[in-house]
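Structural overview for review
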Amino acid sequence: MPRSSTPVTLLVDGYNIIGIWSTLRDVRDRDGLEAARRDLIESLVNYSAYHGYEAQVVFDSQYRNSRGMREVISRNLAVQYTDFNQTADTFIEKLCAVRARQRAPFASRTIVATSDRAQQLTVVGYGAEWMSADQLQLDVKATQQRMRRRQRSKPKRASRPFLGTRLDPIAQQRLAQLRRGY
């Protein structure tokens, strides 16, 4: 898929996505929230790189007495934990408002992935695009399939033997003598 020349920022409401995707919900219920967060992040690493998105997964810290923190996962993906008493929704909405004031029309795109209807209406009001959790899941799966097909269709290179095994027997014998000091 050709990348757009317009930079795209993808903002993902992490807990909203975990609550909607059945696979992540199952992981959360079986192995805990940390495992579900990890699985979401893993699925977005290749997705964001493939599409060339600058992606940010935002998780609430509203019930934990901690400061906000940003963790860079890859060149295309970062995880943002909000400040104490701040929701992911308010963080994303503020970021969309700031981006709307700073950018020239059509200079960049912001896509917000969430199934929260109130947040959808707010971010669209700031000029961001909206993607449902279900649509994001379909896109992630389609991207994974494209990447697998591309990997399978690439011609496999023959493994390259060591230089010593490609030399004629006389040269190999001479090298062996040099190693032994003859």
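Keep in mind that this is a model prediction, so the values were computed, not measured. (Residues numbered from 1 in each chain as written. Predicted model: local features only at pLDDT ≥ 70, side-chain atom pairs only at ≥ 80, totals over all residues. Heavy atoms only, no water.)

A word on the side chain of serine 132. Inspection of the secondary structure puts serine 132 in the loop between strand S6 (129-131) and helix H6 (133-153). Judged by relative accessible area, which is 18%, serine 132 ranks as buried. A distance of 3.0 Å separates a polar side-chain atom of serine 132 from the backbone nitrogen of glutamine 135. Filtering out sequence-adjacent residues up to four positions away, serine 132 remains in contact with Thr114 and Ser115. (Helix = DSSP H or I, 4+ residues; strand = E, 2+ residues; numbered from the N terminus. Buried < 20%, exposed > 50% of the residue type's maximum accessible area, 1.4 Å probe, protein only. Polar contact = N/O pair within 3.5 Å; in protein donor to acceptor, adjacent residues only side chain to side chain. Contact = heavy atoms within 4.5 Å.)

Glancing now at the packing of aromatic side chains. Counted by the stated rule, this structure contains three aromatic pairs. With centroids separated by 5.9 Å and ring planes inclined at 75°, the aromatic side chains of tyrosine 47 and tyrosine 53 adopt a geometry described as edge-to-face. Ring pairing ties together the aromatic residues Tyr15, Phe59 and Tyr81, which thus form one cluster. Positioned over the ring face of phenylalanine 59 is arginine 37, at 5.9 Å from the centre of the ring. (Phe/Tyr/Trp six-rings, centres within 6.5 Å; stacked < 30°, edge-to-face > 60°. Lys NZ or Arg CZ within 6 Å of the ring centre and 35° of its normal.)

Right, let's get into the packing of helix H4 (residues 88-102) against helix H5 (residues 117-125). Where H4 contacts H5, the two axes come as close as 9 Å, and the packing angle between them is 10°. Classified by the angle their axes make, H4 and H5 are roughly parallel. Judged by the sense of rotation from one axis to the other, the crossing of H4 with H5 is right-handed. Contacts between H4 and H5 pair Ala88, Asp89, Ile92, Glu93 and Cys96 from the former with Gln119, Thr122 and Val123 from the latter. By residue class, the composition of the contact of H4 with H5 is four nonpolar, two polar and two charged. (Axes fitted to C-alpha atoms, helices over the stretch in contact; angles between N-to-C directions. Parallel < 35°, antiparallel > 145°, perpendicular 65-115°, else oblique. Left-handed = near helix turned anticlockwise from the far one by under 90°. Nonpolar A, V, L, I, M, F, W, Y, C, P; charged D, E, K, R; others polar.)

These values are about where atoms sit, not about what they do.
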